[in-house]
Amino acid sequence: MSEPALLEVRALDVHFPVRGPGLLPSRLTLRAIDQVSFDVRAGEVLGVVGESGCGKSTLSRALLKLIPATAGSVRLRGVELTTLPKAAMRPLRRSMQMIFQDPLASLDPRMTVGEIIAEPLKALLPGMERAEREQRVLRTMQHVGLLPAQINRYPHEFSGGQAQRIGIARALVVQPQLVVCDEPVSALDVSIKSQIINLLLDLRAEHGLTYIFVAHDLATVRHIADRVMVLYLGRVMEITDRDALYARPLHPYTRLLLSAVPIPDPALARRVGPTREELPSPLALPSGCAFRTRCPLADARCVAERPVLREIDGRYVACHHAEAAAA
Amino acid sequence: MTASLLEIRNLAVRFTTGDGPVYAVNDLDLQVRRGEVLGMVGESGSGKSQTWLAIMGLLAKNGRAEGSVRLGGEEILNLPQRALTRLRGARMAMIFQDPMTAMNPFLTVGRQMTEVLEWHRGMSRREARARCIGALESVHIADAAQRLSMYPHEFSGGMRQRVMIATALLTEPQLLICDEPTTALDVTVQAQILALLDELRQRFGTAIVLVTHDLGVIAQLADRVIVMYAGRQVEQAEVHTLYGAYRHPYTEGLLRSVPRLDQPRSARLATIPGRPPDLARRPAGCPFEPRCAYASELCRQQMPPLVSLGEAHLRACHYDGALGPQGREA
Amino acid sequence: MSVEGRHEWYNWVPGRGAARKAETLAAAGVAGRSLWQDAWGRLRRNRAALASLWVLGVITLAAIVLPWVWPYGYAQPDWNLMYHAPTWAGWHIFGTDALGRDLFVRVMWGCRISLMVGVVATLVTLVIGVTWGAVAGFIGGWLDGLMMRCVDILYSIPFIPFVIVLMVLFGRNLLLIFAAIGAVSWLDIARIVRGQTLSLRKREFIEAARASGVGTATIIRRHIVPNLLGIVLVYVTLTIPSVILFEAFLSFLGLGVQAPLTSLGGLVSDGASVLQVYPYMLVIPAVFLAVIVYCFNFIGDGLRDALDPKDR
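Residues numbered from 1 in each chain as written. Chains lettered and ligands numbered in written order. Predicted model: local features only at pLDDT ≥ 70, side-chain atom pairs only at ≥ 80, totals over all residues. Heavy atoms only, no water.

A. Spotlight on the overall build of chain C. Looking only at helices and strands, chain C has twelve helices and zero strands in total. When the elements of chain C are put in sequence order from the N terminus, they spell out α-α-α-α-α-α-α-α-α-α-α-α. Looking at the 312 residues of chain C, the share that counts as buried comes to 47%. Counting contacts in chain C only where the partners sit at least 6 residues apart, residues at least 24 apart contribute 70% of the total. Total accessible area on chain C is roughly 15,400 Å²; 68% of this is exposed by carbon and sulfur atoms. (Helix = DSSP H or I, 4+ residues; strand = E, 2+ residues; numbered from the N terminus. Buried < 20%, exposed > 50% of the residue type's maximum accessible area, 1.4 Å probe, protein only. Contact = heavy atoms within 4.5 Å. Areas by Shrake-Rupley, 256 points an atom, 1.4 Å probe, with all protein chains shown as cover.)

B. Structural view of the overall build of chain A. Along its length, chain A carries eleven helices and twelve strands. The globule rule puts the C-alpha radius of gyration for 327 residues at 20 Å, and the 21 Å found for chain A is close to it. Principal axes of the C-alpha set define a box for chain A whose edges measure 65 × 50 × 50 Å. The 327 residues of chain A split such that 60% are buried. Taking all contacts inside chain A whose residues are at least 6 apart in sequence as the whole, residues at least 24 apart take part in 65%. Distance from the positive charge centre (40 side chains) to the negative charge centre (34 side chains) of chain A: 3 Å. (Rg over C-alpha atoms; globule rule 2.2 N^0.38 Å. Lys, Arg positive; Asp, Glu negative; His and termini not counted. Charge placed at Lys NZ, Arg CZ, Asp CG, Glu CD.)

C. Spotlight on the pattern of salt bridges. Taken as a whole, this structure holds 38 salt bridges over all chains when the rule is applied. A salt bridge links R304(C) to D301(C), with the shortest nitrogen-to-oxygen separation between them at 2.7 Å. Of this pair, R304(C) and D301(C) both sit in helix α12 (residues 279-307), three residues apart, roughly one helical turn. By relative accessible area, R304(C) is classed as partly exposed at 42%. Owing to a relative accessible area of 33%, D301(C) belongs among the partly exposed residues under this scheme. Residues joined by salt bridges that share partners form a network here, namely R61(A), D182(A), E204(C) and E207(C). (Salt bridge = Lys/Arg side-chain N within 4 Å of Asp/Glu carboxyl O.)

D. Focus on helix α4 (residues 47-69) of chain C. Residue and element names in this part refer to chain C. Helix length check: α4 (23 residues) gives 32 Å between terminal C-alpha atoms against 33 Å at 1.5 Å per residue, within 8%. If you look at α4, its biggest bend is around 30 degrees, right at A63, and the proline P67 turns up within four residues after that. Three or more residues of α4 are buried, namely A49, S52, L56, I59, A62, A63 and P67. The elements touched by buried residues of α4 are α3 (35-44), α5 (103-139) and α12. For α4, the N-terminal capping position is held by N46, with its side-chain oxygen 3.3 Å away from the main-chain nitrogen of A48. (Expected span 1.5 Å × (residues − 1). Bend = angle between axes of the 7 residues up to and from the residue. Polar contact = N/O pair within 3.5 Å; in protein donor to acceptor, adjacent residues only side chain to side chain.)

E. Up close: the side chain of T96(C). In this fold, T96(C) is placed in the loop between α4 and α5. With sequence-adjacent residues up to four places away left out, T96(C) is seen in contact with L81(C), M82(C), Y83(C), H84(C), R101(C), D102(C), L103(C), Y280(C) and M281(C).

F. Expanded view of the packing of helix α5 (residues 160-172) of chain A against helix α6 (residues 190-207) of chain A. Residues and elements named next belong to chain A. For the pair α5 and α6, interaxial distance at closest approach is 10 Å and the crossing angle is 20 degrees. As judged from the angle between their axes, α5 and α6 are roughly parallel. Relative to α6, the crossing made by α5 is right-handed. Mapping the contact onto sequence places G161, Q164, R165, I168 and L172 in α5 and I192, Q195, I196, L199, L200 and L203 in α6. Partitioning the contact of α5 with α6 into residue classes produces seven nonpolar, three polar and one charged. (Axes fitted to C-alpha atoms, helices over the stretch in contact; angles between N-to-C directions. Parallel < 35°, antiparallel > 145°, perpendicular 65-115°, else oblique. Left-handed = near helix turned anticlockwise from the far one by under 90°. Nonpolar A, V, L, I, M, F, W, Y, C, P; charged D, E, K, R; others polar.)

G. Broad picture of the sheet that holds strand β9 (residues 227-232) of chain A. Residues and elements named next belong to chain A. With respect to topology, eight strands assemble into an open sheet ordered β6-β7-β8-β3-β9-β10-β12-β11, the strand pairing being mixed. The open sheet terminates on both sides in strands that have one partner only, identified here as β6 (96-99) and β11 (310-312). Averaged over all pairs of adjacent strands, the angle between strand axes in this sheet comes to 20 degrees, irrespective of strand direction. Relative to strand β12 (residues 315-317), strand β10 (residues 235-241) runs antiparallel, the two being bridged by two bridges. Directly across from E238, in β12, lies its bridge partner V317. (Pairing = 2+ DSSP bridges.)

H. Spotlight on the side chain of S106(A). Mapping S106(A) onto the fold places it in the loop between β6 and α3 (113-124). On the basis of relative accessible area, S106(A) is assigned to the buried category, the value being 1%. At 3.2 Å, the side chain of S106(A) and the backbone oxygen of P103(A) are in polar contact. Leave out the neighbours within four places in its chain, and S106(A) touches F100(A), R170(A), E204(C), F205(C) and A208(C).

I. Inspection of the packing of aromatic side chains at higher detail. All names here are of chain B. Throughout the structure, instances matching the rule amount to 15 aromatic pairs over all chains. Here the aromatic rings of Y229 and F288 are separated by 5.1 Å at their centres, their planes lie at 80 degrees, and the arrangement is edge-to-face. Here Y229, found in strand β9 (residues 224-229), pairs with F288, found in the loop between α10 (249-257) and α11 (297-301); they are 59 residues apart in sequence, far enough to count as distant. Of the residues examined, F288 reaches a relative accessible area of 3% and is grouped as buried. (Phe/Tyr/Trp six-rings, centres within 6.5 Å; stacked < 30°, edge-to-face > 60°.)

J. Highlighting the environment of R33(B). Residues and elements named next belong to chain B. Among the structural elements, R33 can be located in strand β2 (residues 20-33). R33 sits in the partly exposed class, given a relative accessible area of 25%. Remark: the alpha-carbon pair of R33 and A207, spanning 174 residues in sequence, is separated by 7.0 Å.

K. Inspection of the confidence of the model for chain C at higher detail. For chain C, mean pLDDT is 79; residues scoring 70 or higher make up 88% of the total. Counting contacts from residues 1-29 of chain C, a segment whose pLDDT is below 50, to residues more than four positions away or on other chains yields 39 contacts. (pLDDT = per-residue confidence, 0-100.)

L. Examining the layout of surface pockets more closely. Residues and elements named next belong to chain B. Approximately 730 Å³ is the volume attributed to the second largest pocket. Every residue lining the second largest pocket is counted, 24 residues in all, and those nearest its centre are G89, A102, V116, M164 and T167. In terms of residue count, helix α3 (residues 109-121) provides more of the lining of the second largest pocket than any other element does, seven residues in total. Here the lining of the second largest pocket is built from residues that sort into 15 nonpolar, seven polar and two charged. (1 Å grid on protein atoms, 1.4 Å probe; cavity = no way out; pocket = protein on both sides within 12 Å on 5 of 7 lines; lining within 4 Å. Points joined across faces, edges and corners; volume = space filled by probe spheres on them.)

M. Geometry of the nonpolar core. Membership of the largest hydrophobic core comes to 143 residues, with the highest contact counts inside it found for I168(A), F213(A), V107(C) and I292(C). In this view, I168(A) contacts I99(A), V144(A), I196(A), L199(A), L200(A) and L203(A); residues no more than four positions away in its chain are not counted. In terms of nonpolar packing, the next biggest core, distinct from the first, is built from 69 residues, V41(B), M150(B), Y246(B) and C317(B) among them. (Core = buried A, V, L, I, M, F, W, Y, C linked by side-chain atoms within 4.5 Å.)

Here it is as structure tokens:
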């Protein structure tokens, strides 16, 4: 990676203190994000996948400083964000914005569409004149496929897909470079989901946007991402270019995820084997590799030693048995 | 397999709201056969959930159901509450998307399960407990005896759904209605639950209705599929026919807009343009017409009837030409 | 949306075809229906609430206007007509009291004072309570703890002896009644508002505002408070009648408004003492008091139903 990355994340930890059970609660630590490192290059789409509880939402919020990082570093164009005071963070928010999962919940029900989309402009570009702001809002609305006539309407008057367009317009109105999309299509209907994905792809092509696209759906991520990062219990399992990942997943967890995606064709319907162990508690992670309790390849080494993320054929995998899969 | 267990005729579900009536389900005719898995697929507002809530007598209080629903030849729609409660536990059961809301957080799982047997079967607590342990084991929950004394929040999402399925099957119902049973679950857990439902169907011969928006889930399990749009049945077919030789533009749109792992990646996803239908309006023509690439003047004016295309394949569409890319150009 | 237009999104100049059309459309204003308008629509369909609104409106208007135009003042005695039952003679339609004062004008004044005590005390409550609760709930942490402990301490002060002591020390004065009632009932609303704020704070749109770089004070003002208004409004319509009743209770104890001015509670108290001889003295003001309290309660219930999103 000779080109400097737009976003560099190094050994990021996000821990939450949790009260244990019982009358005399012990203080436990929930390691929602545990030693996560990755780069995001300008103009690419990094997909982040994992099951619920893998820390993908926490990660997207920590990148935007909506949740404080416990340790580690997040650099946007070389500027360290984790130690930045609130006031100094504000101008940087112009460069990174977020799209949320639940389109209706992320819009204030008491505000009109125009007010919602103008809000980041008011906060981040307070010097902008009213007329100019209004024009910018209208223009952005058109760009995400909203009618200008809808500017005075309220969120509850929109369907889920339309509401998500409002959320996208709000993120894009300040012309950010990086947009963190936290499951932006998970709550949408099938026919609407594809409209929004196409819209995100179009906007990226037109404005050279960079996305971090968080999702639990591997089929959707394959469609939009250039590279994919697989998270499990707050740890990175694999980071690989899209085509390589879907053609030949190296990590056994990636393989498990891929094999579980139901294919909409009865001729290809797969019957999964007997039930496997479910996710361990994030408060009591297994020793060594976090995935070993569900892994078919697990052996004594996986119990004893935590695998580090290492490079194999230009891909990054955290598994002791990755060579066997690569061969 | 030919005997029909549940027969729905002319079912209509309507809600009165402050802004006027909302027509959630219209003119629905269908049958569920003994031992089959009937998939019902549709997006939000398609009426797929309301149909089964109406049959279970669980509609919201501003909802009304009309028509006829017969279970084993006996009319069950709009039964009085008492009769319905008896029927619900004993002959048909329903599980929901979020098992947590269907459980009482203050009672142990064991208490909630044994209650069903004590009430419906008049069993003693001890007898019921033994049966419940057996039921939990049949849905592959380890340490069933200990699990019975745990509370719902101590279970993971997938485990809770297993408990719900076990509870639903305690009274050996003939019909199990699953409303988006795996939507809230991770893919790996979803695959396990689907496998479990398949196993139970084979073991107990329970007919299953699988209501979902996910065509992938339907393909794993269903024998027959009904596609719903705007409260109407638009297509009905045996599962291989529906996925291989669908005859309705909406089915086509749904199938094409799903990103799939088994096919090469395309630059853009196919979409269905436009928005979901407004159920407060009842257009004279086909409800899908505003979003349909094949629509003609006839579609705007006249509701297409549900007609048979032979071999248990029904559809409601005026368009006669070929579907698919060729059809669109024609 | 023209292809040409798409690439110039950031450098848009007004006056282009598509854009101009957009502007006129926006100006023509397809105005949205806000949640408030929705709620109003539902409230209007609630007959009890609507009727209550009318009755209350009429009473309020009468209480404001009629004392000006009525031939008698509230403290004006007619020595010839003491304890006279309602009569058309001399327009004493509600009769007169022990000093021959016209009961009708006194009831109108009573409504005036009672409504004013209710509304003003509730406004005091509202301003303190909403601010306190919203700040405690939104900022949270140690500040929340401190602010809510203050509320707990104030709660533990026995209220009625406190008010009685105040009245005895400072004399009976209308302002003091407002202050006393307001100072205590804001505690409830602060707790309610804090609870609501805590749940609002976790909502995604607040997170979205923070991601957009909106500051804390602006978030409270622009997002938290407007979303609290619904529940606050319901609470207010239910607080007003309880304040009115409380004032009536104080008057009954002889701690209400200074005579000769009176409130509905004072009139009921006067009437109660002569109930067996002159029942109209009790019945008339009691009916007004009951009607006003009922109306507020109906409106409060109606508002709660109208604002309840589950109904949608």
